[in-house]
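Below are the chains, spelled out letter by letter.
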Amino acid sequence: MSAEFGGRTGRQGRLSQWLRGRRPKEAPADESGREALLLAAAAAGLPLAPAAHPAAGYGCSCDRVGCPTPARHPVSFAWQTQSTTDRVQIERWARHQPQANFITATGMVHDVLDVPLDAGREALTRLLDAGVEVGPVAESDDGRLLFFTLTRGTPEDEDEWWPCELDCHPETMDEHPGLRWHCRGSYVLVPPARLPGDDGRSVHWVRGPEHPLPDPLSLLEVLTDSCARHAGEQPDHAGTAWPLRH
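In this report, the structure presented in the accompanying data block is examined.

What counts, and at which threshold
- Residues numbered from 1 in each chain as written.
- Predicted model: local features only at pLDDT ≥ 70, side-chain atom pairs only at ≥ 80, totals over all residues.
- Heavy atoms only, no water.
- Helix = DSSP H or I, 4+ residues; strand = E, 2+ residues; numbered from the N terminus.
- Expected span 1.5 Å × (residues − 1).
- Buried < 20%, exposed > 50% of the residue type's maximum accessible area, 1.4 Å probe, protein only.
- Contact = heavy atoms within 4.5 Å.
- Disulfide = S-S within 2.5 Å.
- Salt bridge = Lys/Arg side-chain N within 4 Å of Asp/Glu carboxyl O.
- Pairing = 2+ DSSP bridges.
- Axes fitted to C-alpha atoms, helices over the stretch in contact; angles between N-to-C directions.
- Phe/Tyr/Trp six-rings, centres within 6.5 Å; stacked < 30°, edge-to-face > 60°.

**A look at helix α6 (residues 217-230)**
Point 1. Its 14 residues place the ends of α6 20 Å apart at the C-alpha level, agreeing with the 20 Å of an ideal helix rising 1.5 Å per residue.
Point 2. Within α6 the residues assigned to the buried category are L219, L220, V222, L223, T224, D225, S226, C227 and A228.
Point 3. Looking at the buried positions of α6, the neighbouring elements they touch are β5 (110-116), α5 (117-129), β7 (144-150) and β8 (180-182).
Point 4. Positive backbone phi, at 80 degrees, marks G232, one or two positions downstream of α6.

As structure tokens, this is what we get:
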């Protein structure tokens, strides 16, 4: 009897060991921090989807020869419908794809005003000194500052509203040099994200997603003025810009 009991105990022990081996291992501290930042962005209403990550120095995990935006694009062509704020889904992605960057789809809940770094820093200082409510701001080490705002939605006049891609060269660049307005049909990397290269470049929060999203028009005049100043010219109609045509 005791031998039989002992046999069962042995099998149960081996089963317990196997089950323990199948359980997810506790995430490293830096991985836990990454997941927490992604969940904080989602909790603020920013819809997320997995993106590519750096590979082999300046390469991209997508293995596309000559990828034009290495580590800066979504993994799936269905990223607009895939993007979500669901905590369980984001946790699943983050744990199963530990190297992946994430993008946030703009034009659903939020837009992003994307400006050259020096102009953005000047504008941020001016806005804060003036007491303007500035929302989340992210810095990309490739030389851009990203101002997260409420989306302007879908206007009645479609001729005045254009999607903006990451590599756009808008016809309105002379009026608003260096400004990119990411709205419907666009996306940006959401912190924390790693950029290609061996120098540890990243996209990181300057002001976190806990700050409420402002109306973009409350920031636009100062942003366009700073962009024009750093481009060595003054805008003709500061504050009247619309999302940029690509």
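Having seen the structure, we can now continue with the description.
**Some points on the state of the cysteines**
Point 1. One pass over the structure, following the stated rule, counts zero disulfides.
Point 2. C62 provides the cysteine sulfur closest to C60, a residue in no disulfide bond, and the two sulfurs are 3.5 Å apart.
Point 3. Accessibility expressed as a relative area gives 10% for C60, which makes it buried.
Point 4. C67 carries a free sulfur, and the closest cysteine sulfur to it, the one in C62, is 3.9 Å from it.

**Digging into the pattern of salt bridges**
Point 1. Counted by the stated rule, this structure contains twelve salt bridges.
Point 2. Ionic pairing is found between D114 and R180, a salt bridge with its closest N-O pair at 3.9 Å. With D114 in strand β5 and R180 in strand β8, the pair connects residues that are 66 residues apart, well separated along the chain.
Point 3. The exposure class of R180 is partly exposed, given its relative accessible area of 21%.
Point 4. Bridged by salt links that share partners, the residues E122, R126, D225 and R229 form one connected network.

**As for the sheet that holds strand β1 (residues 48-51)**
Point 1. Overall, antiparallel pairing links the three strands, which are arranged β1-β4-β9 in an open sheet. The open sheet has two edge strands with one neighbour each: β1 and β9 (187-190). Here the average twist between neighbouring strands, direction ignored, is 40 degrees.
Point 2. Where β1 meets strand β4 (residues 101-105), four bridges bridge the pair, whose relative direction is antiparallel. Across the sheet, residue P50 finds its bridge partner in β4, namely F102.

**Some points on the packing of aromatic side chains**
Point 1. Tallied over the entire structure, the rule returns three aromatic pairs.
Point 2. Look at W79 and Y187: their rings are 4.9 Å apart centre to centre, the planes differ by 75 degrees, and that puts the pair in the edge-to-face class. Note that W79 is positioned in helix α3 (residues 79-82) and Y187 in strand β9, a separation of 108 residues in sequence.
Point 3. For Y187, a relative accessible area of 14% puts it in the buried group.
Point 4. Where F148 meets W205, the ring centres are 5.2 Å apart and the plane angle is 55 degrees; that geometry is what we call tilted. Taken together, the positions of F148 in strand β7 and W205 in strand β11 (residues 202-207) put the pair 57 residues apart, joining distant regions of the chain.
Point 5. Its relative accessible area of 0% is what places F148 among the buried residues.

Interpretation in functional terms is not warranted from these geometric data alone.
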